[in-house]
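Below are the chains, spelled out letter by letter.
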Amino acid sequence: MRVVITGARGMLGGALSRQLPSVHEVYPLSSTHLDITSLQECRRVLSKIKPDWVLHTAAFTKVDEAESKAADAYRVNGLGTRNIAIAAEENGSRLVYYSTDYVFDGTRGKPYREWDQPNPLNEYGNSKLAGEFFVKAVSRAFLIIRTSWLFGSAPHSPPHFISKVLSQARNGKTLRMVNDQCGSPTFAEDLASTTAALMALDVRGIYHVTNSGSCSWFDFAREILKQAGCEVPLVPISTHELPLAARRPSYSVLDNFCLRIEGLPELRPWQEALADFMGTL
Ligand SMILES: NC(=O)c1ccc[n+]([C@@H]2O[C@H](COP(=O)([O-])OP(=O)(O)OC[C@H]3O[C@@H](n4cnc5c(N)ncnc54)[C@H](OP(=O)(O)O)[C@@H]3O)[C@@H](O)[C@H]2O)c1
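Okay, so let's go over this structure. (Residues numbered from 1 in each chain as written. Predicted model: local features only at pLDDT ≥ 70, side-chain atom pairs only at ≥ 80, totals over all residues. Heavy atoms only, no water.)

1. Comments concerning the layout of surface pockets
Piece 1. Counted as a void, the second largest pocket has a volume near 150 Å³.
Piece 2. As for the second largest pocket, its lining consists of Val178, Asp180, Gln181, Thr239, His240, Leu242, Pro243, Leu244, Ala246, Arg247 and Arg248.
Piece 3. Looking at the lining of the second largest pocket residue by residue, the class counts come to five nonpolar, three polar and three charged. (1 Å grid on protein atoms, 1.4 Å probe; cavity = no way out; pocket = protein on both sides within 12 Å on 5 of 7 lines; lining within 4 Å. Points joined across faces, edges and corners; volume = space filled by probe spheres on them. Nonpolar A, V, L, I, M, F, W, Y, C, P; charged D, E, K, R; others polar.)

Here it is, written out as structure tokens:
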């Protein structure tokens with residue numbers, strides 16, 4: 001099958017671009033090949049390739065910057081997603097849109113299921129929810145995959161949590177990590193292989209896909225340092241001690257409920273996935 005990947009230079013786009021060519025004819029598109037904020041360009045590119053699937057990973061992902069650049073975030077995550085959905089629909093392509101745990105406010109106190117009510121706390125989450133809204137309004141054959149706390153190889157993306165932790169540790173700094181936000185770290189390569197499994201089944205609707213287990217950023221940092229063999233002081237702090245522009249949910253663990261009730265394999269524990277990734281560094 002012909003598969004277009006938007007945001008192919010990003011972390012998840014890169015993982016999909018590495019894994020899918022063994023089974024599919026893949027067209028990995030970066031923003032230089034396709035700027036999703038232009039409907040005309042989306043139409044031109046997709047009508048030329050005529051893909052069976054569009055895996056839409058491209059996004060404005062800078063959560064704090066989205067507070068001061070909200071229009072940019074909505075232009076990419078909202079309207080850009082609408083443009084991709086329109087062009088995919090016109091070409092008979094099935095669409096996979098990647099969304100986020102940050103569509104939830106974190107007050108449920110237990111893992112969120114696919115049909116729980118979103119209520120984003122920040123502009124990034126709101127703009128990704130706008131993307132979900134457009135996908136549902138425009139596309140007849142869509143799959144929305146919500147994921148969280150992605151890690152993996154990302155040479156062209158801003159440094160992610162693991163690289164920040166390791167570089168601070170290398171400088172011998174005391175690390176201060178938030179201990180009152182809980183989520184599920186997810187390896188982009190594991191999400192890519194589950195995407196391939198969902199494509200093979202040709203399912204529709206919303207799926208939560210994360211590695212198993214959950215932790216705080218403090219726990220995540222402690223495990224990274226343990227696996228890297230680094231001994232540096234690590235201090236737990238509360239969210240209020242870290243002045244960030246965007247509010248974040250205190251508990252945004254996603255229950256992979258639909259995967260489970262359909263009998264699909266759940267993803268391995270995040271610590272195992274982390275060990276695989278750390279082995280590649
Ligand atoms: N990272 C996380 O923790 C996380 C958590 C939950 C959900 N998600 C979602 O998962 C998806 C993948 O995230 P990621 O971390 O892999 O993202 P990423 O590494 O930041 O990559 C995003 C890509 O989007 C592309 N992009 C931005 N604006 C564009 C535009 N106007 N036109 C075309 N492409 C554009 C960029 O392409 P160029 O490099 O070519 O400019 C970039 O490579 C996103 O939808 C994100 O919202 C991520």
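2. Focus: the nonpolar core
Within soluble globular proteins, side chains that are nonpolar generally end up buried alongside one another.
Piece 1. Counting residues in hydrophobic clusters, the biggest one holds 33 residues, and the most contacted among them are Ile162, Phe220 and Ile224.
Piece 2. Among the secondary structure elements, those contributing two or more residues to this core are α6 (161-170), β7 (175-178), α8 (217-228), β12 (234-237) and α10 (270-279).
Piece 3. Per-element accounting of this core gives the leading share, six residues, to α8.
Piece 4. Filtering out sequence-adjacent residues up to four positions away, Ile162 remains in contact with Phe151, Phe220, Ile224, Leu274, Phe277 and Met278.
Piece 5. The next biggest cluster of nonpolar side chains, apart from the first, holds 28 residues, and it includes Leu12, Ile145, Met199 and Tyr207. (Core = buried A, V, L, I, M, F, W, Y, C linked by side-chain atoms within 4.5 Å. Buried < 20%, exposed > 50% of the residue type's maximum accessible area, 1.4 Å probe, protein only. Helix = DSSP H or I, 4+ residues; strand = E, 2+ residues; numbered from the N terminus. Contact = heavy atoms within 4.5 Å.)

3. Things to note about the site of the ligand
Piece 1. Around the ligand lies a shell of 26 residues, among which Ser31, Thr61, Tyr124, Lys128 and Ser157 are the nearest.
Piece 2. One nitrogen or oxygen atom from the main chain of Ala59 is found 3.1 Å from an oxygen atom belonging to the ligand.
Piece 3. At 2.7 Å, a side-chain N or O of Thr61 approaches an oxygen atom of the ligand.
Piece 4. The fraction of the free accessible surface of the ligand (900 Å²) that becomes covered by protein chains is 85%.
Piece 5. Looking at the shell around the ligand, the elements that each hand over two or more residues are α1 (11-19), β4 (94-100) and α5 (123-138).
Piece 6. Looking at the shell around the ligand element by element, the count peaks at three residues for β4. (Near = heavy atom within 4 Å. Polar contact = N/O pair within 3.5 Å; in protein donor to acceptor, adjacent residues only side chain to side chain. Areas by Shrake-Rupley, 256 points an atom, 1.4 Å probe, with all protein chains shown as cover.)

4. Quick notes on α10
Piece 1. Those residues of α10 that sit buried are Trp270, Ala273, Leu274, Phe277 and Met278. Buried residues of α10, seen end-on, are gathered within an arc of 135° and therefore sit on one face of the element.
Piece 2. Contact partners of the buried residues in α10: β6 (150-151), α6, β9 (186-187), α7 (188-201), β11 (215-216) and α8. (Arc of directions from axis to C-beta.)

5. Overview of the pairing of β4
Piece 1. Extensive coverage of β4 is indicated by the burial of seven of its seven residues.
Piece 2. Neither face of β4 is left uncovered, since the one carrying Arg94, Val96, Tyr98 and Thr100 and the one carrying Leu95, Tyr97 and Ser99 both have all their residues buried.
Piece 3. As defined by bridge partners, strand β3 (residues 53-56) adjoins β4 across four bridges and the pair is classed as parallel. Residue Val54 lies in a different strand from β4, and its bridge partner there is Leu95.
Piece 4. Bridging between β4 and strand β5 (residues 142-147) involves six bridges; their strand directions are parallel. Within β5, the position partnered with Tyr98 by the bridge is Ile145.
Piece 5. Note that the unit made of β4, α5 and β5 has a crossover that is right-handed. (Pairing = 2+ DSSP bridges. Right-handed = clockwise from strand over helix to strand, strands pointing away.)

Everything listed here is a matter of geometry and, on its own, says nothing about what the molecule does.
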